[in-house]
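# Overview (structure and organization)
The lines below spell out each chain.
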Amino acid sequence: MTGAQRREQLLAIGRRLFAEKGFEGTSVEEIAATAGVSKPVVYEHFGGKDGLYAAVVELETRKLLEAMTEALTQPNPPRQVLEIAAMTLLTYIETETDGFRILVRDSPITKQEGGFASLLSDVAGHVEYILGEQFASRGFDPEMAPLYAQMLVGMIAMTGQFWLDHRTPEKAVVAAHVVNLAWNGLTALETKPRLRARRSTKPEVEKPRG
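Residues numbered from 1 in each chain as written. Predicted model: local features only at pLDDT ≥ 70, side-chain atom pairs only at ≥ 80, totals over all residues. Heavy atoms only, no water.

An unreviewed UniProt entry lists the chain under the name TetR/AcrR family transcriptional regulator, with Kineosporia mesophila given as the organism.

Following this line, the structure appears as structure tokens:
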């Protein structure tokens, strides 16, 4: 086995073990034993477990980001862009389950840093550009586009994380419902939204009975 082939083997094994057990639950000993090599071979290629994990996360992040970027930069109508983006993420989850599980397990959506959080930030940047044009053409404040981009990307990502474990309903149905909420909500946007409910800041005092 050449050095390149060994590296690919270790990446594949690390990907599977990290997905099954997480970073903390996976050891260099187990990685080496599964590959049929000694521990020094793992250190030679990646410098240790941290290096292998970083390489796996980088590979999966690049894979998903490239797919999402392609979906979001095609010259399609806005609704179709949203549909393609939702289907792209769900397809990645379906075909690259181990990779997505690694991204969301140790770098969850709620963290401000890490593989998945960084990826979502990049995707939101593309969505922000699309929304900015739409907002400007419809008389909305373009400065709000970054906020709405985070909302849309977060909604799709959280739905994808839920679907990762449930896998029901089928992919196309999930994507259709995500787009239904996002698009039909967007078509009825108010130019200057405000909260209508008035809530008292004073604690309610229980009235005496009798």
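Next, the rest of the story.
Residues Thr-168 and Pro-169 are joined by a peptide bond in cis, for which omega reads -5°. Relative to the helices and strands, Pro-169 resides in the loop between α8 (145-166) and α9 (171-187). For Arg-167, which is not glycine, the phi torsion reads 55° and is therefore positive. Of note, Arg-167 is situated in the loop between α8 and α9. (Helix = DSSP H or I, 4+ residues; strand = E, 2+ residues; numbered from the N terminus.)

Okay, the side chain of Thr-97 next. Counting through the fold element by element, Thr-97 comes out in helix α6 (residues 97-106). Among the polar contacts made by the side chain of Thr-97, one reaches the side chain of Arg-167 at a distance of 2.8 Å. Among all residues touching Thr-97, those that are not within four sequence positions of it are Tyr-92, Leu-164 and Arg-167. (Polar contact = N/O pair within 3.5 Å; in protein donor to acceptor, adjacent residues only side chain to side chain. Contact = heavy atoms within 4.5 Å.)

Within the largest apolar cluster, 61 residues are counted, with the highest numbers of intra-cluster contacts made by Phe-18, Ile-31, Leu-64, Phe-100, Phe-116, Val-127 and Leu-131. Ignoring anything within four residues of it in the chain, the contact list for Ile-31 reads Leu-10, Ile-13, Leu-17, Phe-18, Thr-26, Val-42 and Leu-52. (Core = buried A, V, L, I, M, F, W, Y, C linked by side-chain atoms within 4.5 Å. Buried < 20%, exposed > 50% of the residue type's maximum accessible area, 1.4 Å probe, protein only.)

This part covers the confidence of the model for the chain. Per-residue confidence for the chain gives a mean pLDDT of 85, with 89% of residues at or over 70. Here helix α7 (residues 115-138) stands out as the element of the chain with the lowest mean pLDDT, 80, in contrast to helix α2 (residues 28-35), whose mean of 97 is the highest. Scored below 50 in pLDDT, residues 108-112 makes 10 contacts in the model with residues more than four places away or belonging to other chains. (pLDDT = per-residue confidence, 0-100.)

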